[in-house]
Amino acid sequence: LGVPEKNVILLENEKATRSALTSRLKDYLPGNLKADSTLYVYFAGHGMPDVASGDPYLAFYDSEATNIARTGYRFREFLADIGALNVKNAYVFTDACFSGMAARGEKMLIPGARPALIRVDDINLATGKVVAMGASTGSQLSLAYHDKRHGLFTYYLLSGLRGQADTDGSGVITFGNLFGYMKENVERVSRRTTMEQVPSITPKIENVADVRLVVLPKPSK
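Residues numbered from 1 in each chain as written. Predicted model: local features only at pLDDT ≥ 70, side-chain atom pairs only at ≥ 80, totals over all residues. Heavy atoms only, no water.

Draft legend 1. Representation of the pairing of strand 1 (residues 38–44) in the model. A one-sided burial pattern is seen for strand 1, the buried positions being Leu39, Val41 and Phe43 and the unburied ones Thr38, Tyr40, Tyr42 and Ala44. Sheet topology places strand 1 next to strand 5 (residues 89–95); seven bridges connect them, and they run parallel. Paired with Ala44 across the strands is Asp95, a residue of strand 5. (Buried < 20%, exposed > 50% of the residue type's maximum accessible area, 1.4 Å probe, protein only. Helix = DSSP H or I, 4+ residues; strand = E, 2+ residues; numbered from the N terminus. Pairing = 2+ DSSP bridges.)

Dropping the structure here:
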């Protein structure tokens, strides 16, 4: 996406703790962003429903499934905190579901937990500068794409940004191009598993269809 390497923050495995993420988001980024900045946020991992409230939470390396309200990050708060940053635009890609399933649907993290029936388009992002794309809709699972060694959502997100979503040959990938490409392919591949997965986006795609994400490099002569 043309982001300088020095501007990339990577937290993975044991470094991806709740405190590490919140300190970057609430302490580091506010002092290192400008009003004309564009922020890209990508999360791949588990989502969890709070058993008591049913609210969806992001889970981290040190999160506890039985105490997710204290050890996770409430998804609505996560998006609201991103929206509160002094940036021109923020684009959030979340490869997680909030069903309470672990390891792409292999087992329940909390036996008997009810899935968090989240509708991303119900989340009110008052600033209007955040576009959030999620791996699935409602209580659907976020599936693995074992042949490609990726999450299904992530695989088509990456291939789309690398050029496969340039379906009109313009050399520019917009949210309209990307979401259409991802939705078609994620739905198609997920049906082979008999568990449908449909990516979600907020605000509605017609409101952000023309937003440019990538200008592809021209082929060398």
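Past the structure itself, the notes keep going.
Draft legend 2. Representation of the environment of Ala96. Locating Ala96 in the fold gives a position in the loop between strand 5 and strand 6 (101–102). For Ala96 and His46, which are 50 residues apart along the polypeptide, the C-alpha to C-alpha distance reads 5.4 Å.

Draft legend 3. Region of the structure containing the environment of Leu58. Among the structural elements, Leu58 can be located in strand 3 (residues 56–58). Residue classification places Leu58 among the buried residues on the basis of a relative accessible area of 0%. Distance in space between the C-alpha atoms of Leu58 and Tyr73 is 5.1 Å, their sequence separation being 15 residues.

Draft legend 4. Geometry of the sheet that holds strand 2 (residues 47–49). What the three strands build is an open sheet, ordered 2-3-4; its pairing is antiparallel. Every interior strand has two partners, whereas the edge strands, strand 2 and strand 4 (73–74), have only one. Note: strand 3 against strand 4, two bridges, orientation antiparallel. Counted as the bridge partner of Leu58 is Tyr73 from strand 4.

Draft legend 5. Molecular detail of the pattern of salt bridges. This model, assessed by the stated rule, comprises six salt bridges. Across the pair Arg191 and Glu187 runs a salt bridge whose closest N-O atoms are separated by 3.2 Å. Linking Arg191 with Glu187, this pair stays in helix 5 (residues 175–191), spanning four residues, or about one helical turn. The partner of Glu196 in a salt bridge is Arg191, with the nearest N and O atoms 3.9 Å apart. For Glu196, a relative accessible area of 40% puts it in the partly exposed group. (Salt bridge = Lys/Arg side-chain N within 4 Å of Asp/Glu carboxyl O.)

Draft legend 6. Broad picture of the side chain of Thr71. Structurally, the position occupied by Thr71 is in helix 2 (residues 68–71). Among the residues examined, Thr71 registers a relative accessible area of 15% and is labelled buried. Beyond its immediate stretch of four places on either side in the chain, Thr71 contacts Arg18, Phe60, Asp62, Ser63 and Glu64. (Contact = heavy atoms within 4.5 Å.)

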